[in-house]
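Remarks on the overall topology
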Amino acid sequence: MAAALALTAATLAPATATAAPDAGPAVKVNQVAYVPGLPKQATVVNGSGSPAAWSLRDASGVTVASGQTSVRGADALSGDSVHTVDFSSFDTPGTGYVLSVAGATSNPFDISADPLKRLRYDALAFFYHQRSGTPIQAEYVGSQYARPAGHLDVAPNRGDSGVPCRVSCGYTSDVRGGWYDAGDHGKYGVDTGIAAWQLINEYERTRYVTGADGAALGDGKLAIPERGNGVPDILDEARWGVEFLMKMQVPQGRTDAGMVRHKVSDENWTALPLRPDQDPQPRLLSAVTTAATLNLAAVAAQAARVWRDLDADFASRALAAAERAYAAAKANPTRYADPDDGNGGGTYVDNNVTDEFFWAAAELFTTTGASGYRADVTGSSFFRGKGFDQGGFDWWWTAGLGDTTLALVPNGLSASDVSATRAAFASYGDRLLGQASTQGYPAPASGYYWGSNGVVANAANVLALAHDFTGQAKYRAGVYQALDYLFGRNPFNHSYVTGYGERATRNSHHRFWADQLDSSLPNPPAGLLAGGPNTDLQDPVAQQQLAGCKPQKCYLDDINAWSVNEVALNWNAALAWLSAWAAEKAGSGSPADTTAPGTPAGLTASASGGSVSLSWGASTDDVGVTGYDVLRATGSSGTFTRVATASGTSYTDSGLAPGAYRYQVRARDAAGNTSAASSAVQVTVPGGGAGCTVVATTQSQWGTGYVVQPVRVTNTGTSTITWAVTFTLPAGDAVVGSWNAAVTTGGQAVTARATRSLAPGATAEFGFQASRPNGSTALPSGYACTG
């Protein structure tokens with residue numbers, strides 16, 4: 001699929017993943033929250049051909065509902081044999097519910113609309129985090145996510161103020177601003193276009209749909225510098241994208257005037273981790289493309305009408321840019337992205353832009369009413385919703401975006417044309433519901449490729465609009481069923497949204513949110529949508545760990561698994577639109593408590609026998625702290641998982657094997673808000689004698705060699721050791737340099753010995769560089785440690 005070309009390898013050398021994906025409990029639930037008044041279903045992995053008893057318990061352990069499962073059987077997309085549980089009859093709001101079936105128990109979940117009311121803002125906050133050319137301030141994101149401005153000509157940045165063309169064009173462009181697209185530092189015309197459009201449409205929809213919650217998207221709702229300026233914050237954020245696209249437009253008097261550069265990116269790929277302000281690569285502008293030009297034409301035309309009464313000067317500039325872009329695209333209708341322009345930035349190849357022409361014409365016609373644009377709309381083969389015959393919304397298929405505007409915003413079309421366009425949303429929605437009905441883990445998608453979660457989110461947005469246009473409950477239920485899938489009712493019982501759910505994505509592919517590689521850097525903030533299952537497995541980590549995976553199981557939460565775990569503007573724009581709609585349709589109820597407790601401080605740990613005793617200082621909250629989640633990780637690089645919830649400020653973790661462990665705690669309140677995790681403490685559970693573990697990370701590789709570092713050794717014993725690590729090189733490889741260890745070789749066998757002793761619980765690191773035959777992709781294996 002074309003989407004698989006959206007992003008190219010964003011790191012030179014992914015580290016080897018240490019473990020295959022954990023499928024989690026056999027009872028798969030939406031581990032965030034089911035919404036009151038809507039269907040509540042779960043999937044259970046169970047090979048029995050007979051129904052099984054299920055029970056639902058509340059946080060105090062009391063059984064509040066029970067029944068029998070429905071047997072579904074073999075599920076092709078996951079390879080599982082499954083049953084279904086329907087507990088829709090229970091509708092009491094609360095936290096900490098668990099569902100049990102045949103001896104298996106789900107992760108805890110809530111029945112509440114409150115998490116969606118938080119997510120609509122967390123998903124939008126992604127865009128402020130991704131801003132280029134401006135400092136990201138602690139006042140808005142907290143100290144751990146604050147960073148200096150990226151690409152502002154401050155060393156080592158080469159900067160975006162005077163960027164030359166990759167193929168000489170005789171001038172430079174000031175392309176500061178905009179958003180970094182994903183985990184890399186590229187900024188792209190097509191992804192910026194659809195993302196900015198969805199943010200603006202999220203707001204514009206509230207002006208024309210009866211009962212829509214426009215107040216939720218007003219000024220002062222987001223934590224951004226522009227809050228309080230009298231303009232809805234979501235529009236302030238969207239303007240960053242529109243202004244950037246206008247900067248990418250070739251100025252008048254130059255060759256290709258009016259066209260838009262496809263991207264600005266680094267000359268070469270950079271390794272992880274790397275904060276934007278520390279990027280030393282030269283920046284280059286890629287050639288113009290018809291697709292990027294039409295993205296500007298569409299979103300700038302949309303902006304012109306939305307800002308008409310907010311900022312007349314900006315609206316005028318936007319419309320002029322849109323009309324220049326549309327005229328230039330019509331004069332250059334087949335300027336496609338170069339599939340070989342993938343070094344330093346993704347290609348985003350799209351060799352069919354008929355849908356973009358329809359989208360841009362629809363926006364310009366709706367804004368201006370001009371007869372020429374009307375003729376292009378009504379003369380298109382996609383008019384009256386025909387684009388849905390080929391798909392819904394995506395960066396590479398945008399006809400439905402034009403349909404959305406034509407169906408929502410008053411224009412000069414006849415009532416029958418508008419009605420036919422709206423009917424197309426319902427017809428496509430029926431197809432999506434039909435697809436989901438055949439699946440053990442229902443999701444409105446038929447294919448799982450790069451960005452499959454974005455496809456699911458956008459399909460849910462089509463269902464949402466179908467409900468807006470028809471009022472039929474089946475489309476509304478389909479939206480929340482798609483959220484169930486994204487929040488954990490999937491084969492891994494994994495929430496693909498960071499910060500939401502007990503088993504949520506933590507290691508997004510990103511150069512700054514890279515705690516997995518560098519503990520001084522943060523994990524991703526809450527509200528990011530992972531790319532999701534991808535049968536193409538373009539990165540080596542996914543290839544190694546997921547070979548032969550069933551479509552819905554082709555996912556791995558690893559920072560270097562970039563083909564399944566990256567983040568991107570268009571996916572999060574879809575999630576922001578979806579969560580805002582879902583929060584609105586969940587009903588008002590009592591005001592949501594969105595204030596998280598304070599982060600616990602003063603965590604201490606001590607080991608005795610097979611137990612670790614923990615204590616920490618109490619947190620504060622506007623309503624009150626109800627408990628503390630205890631998080632544990634094994635070794636110095638393991639992933640933290642929740643092992644208990646303590647009612648007070650101490651806990652004893654028992655039954656532990658000898659070795660090194662790390663702990664964090666986080667506070668939780670009655671609304672389910674959780675604080676940030678505390679600083680981690682490490683402790684060693686004593687065992688008999690000496691022992692050590694080793695974890696190797698491939699930092700970079702090229703055709704004739706590679707660098708492995710760090711190779712991290714941890715003393716898991718109770719006495720000081722002088723360690724030795726052995727491993728095997730692939731045939732033909734040779735060590736050409738090493739550091740922080742004494743390395744000897746014998747054929748393909750390598751031994752690295754410590755240069756100093758290592759205390760119990762401590763870690764040491766070394767590294768080496770090796771040569772290899774050109775064309776080989778094999779890496780060292782069989783790492784073992786003795787001490």
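Residues numbered from 1 in each chain as written. Predicted model: local features only at pLDDT ≥ 70, side-chain atom pairs only at ≥ 80, totals over all residues. Heavy atoms only, no water.

1. Thoughts on empty space enclosed by the protein
Definition in use: For each structure, a 1 Å grid was placed over the protein atoms alone; sets of points admitting a 1.4 Å probe that cannot get out are labelled cavities, open sets with protein on both sides within 12 Å along at least five of seven lines are labelled pockets, and lining residues have an atom within 4 Å of a point. Grid points are joined across faces, edges and corners, and a volume is the space filled by probe spheres set on the points. Counting from the N terminus, the helices are DSSP H or I runs at least four residues long and the strands are E runs at least two residues long. Three residue categories are used. Nonpolar comprises Ala, Val, Leu, Ile, Met, Phe, Trp, Tyr, Cys and Pro, charged comprises Asp, Glu, Lys and Arg, and polar comprises the others, including Gly.
Using the criterion set out here, one finds seven cavities of 30 Å³ or more in the structure. A volume near 90 Å³ is recorded for the largest cavity. Considering the residues around the largest cavity, the lining is formed by R120, E202, R205, T206, D213, A216, L217, W577, A580, W581 and E584. Going through the elements one at a time, α3 (189-208) and α15 (569-585) are the ones with two or more residues in the lining of the largest cavity. No other element matches α15, which puts four residues into the lining of the largest cavity. Classifying every residue of the lining of the largest cavity gives five nonpolar, one polar and five charged. Roughly 80 Å³ of internal volume is contained in the second largest cavity. Considering the residues around the second largest cavity, the lining is formed by 14 residues, among which Q130, R147, Y180, P276 and H510 are closest to the centre. Per-class residue counts for the lining of the second largest cavity are six nonpolar, five polar and three charged.

2. Thoughts on the nonpolar core
Which entries qualify depends on this criterion: Only buried Ala, Val, Leu, Ile, Met, Phe, Trp, Tyr and Cys residues count toward a nonpolar core, and they belong to the same one when joined by side-chain atoms within 4.5 Å. Each residue's exposure class comes from its accessible area (1.4 Å probe, protein chains only) as a fraction of the maximum for that residue type: buried when under 20%, exposed when over 50%, partly exposed otherwise. We call two residues in contact when some of their heavy atoms are within 4.5 Å.
Ranked by internal contacts, the top residues of the largest apolar core, which has 164 residues, are I200, W307, Y326, F425 and Y480. It is helix α5 (residues 290-306) that contributes the most residues to this core, 12 residues altogether. Once you skip the residues sitting within four places of it in the chain, Y326 turns out to touch L294, A297, F357, A360, A361, L364, Y373 and D376. The next biggest cluster of nonpolar side chains, apart from the first, holds 22 residues, and it includes A741, L758, F766 and A770.

3. Some remarks on the sheet that holds strand β30 (residues 749-753)
Threshold: Between any two strands, at least two bridges found by DSSP are needed for them to pair. The convention used is that axes are lines fitted to C-alpha atoms, helices contributing only their stretch in contact, and that angles between N-to-C directions extend from 0 to 180 degrees.
Strand order across the open sheet formed by four strands is β29-β30-β27-β32, with antiparallel pairing between neighbours. Strands at the two margins of the open sheet, each flanked by one partner only, are β29 (742-746) and β32 (781-786). Averaged over all neighbouring strand pairs, the angle between strand axes comes to 15 degrees, with direction disregarded. Sheet topology places strand β27 (residues 724-728) next to β32; four bridges connect them, and they run antiparallel. Residue pairing for β32: A724 is matched across the bridge by T786.

4. Here's the deal with the packing of helix α4 (residues 233-247) against α5
Definition in use: Note that the term roughly parallel is reserved for angles under 35 degrees, roughly antiparallel for angles over 145, roughly perpendicular for angles of 65 to 115, and oblique for everything else. Two helices that cross are described as forming a left-handed crossing if the nearer one is turned anticlockwise from the farther one by less than a right angle, and a right-handed crossing if clockwise.
Interaxial distance between α4 and α5 falls to 10 Å at its minimum, and their mutual angle equals 135 degrees. Taken together, the axis directions place α4 and α5 in an arrangement best described as oblique. Here the hand of the crossing between α4 and α5 comes out left-handed. Here α4 contributes L235, V242, L245 and M246 to the contact with α5, which in turn contributes L296, V299, A300, A303 and V306. Its residues assigned to classes, the contact of α4 with α5 shows nine nonpolar, no polar and no charged.

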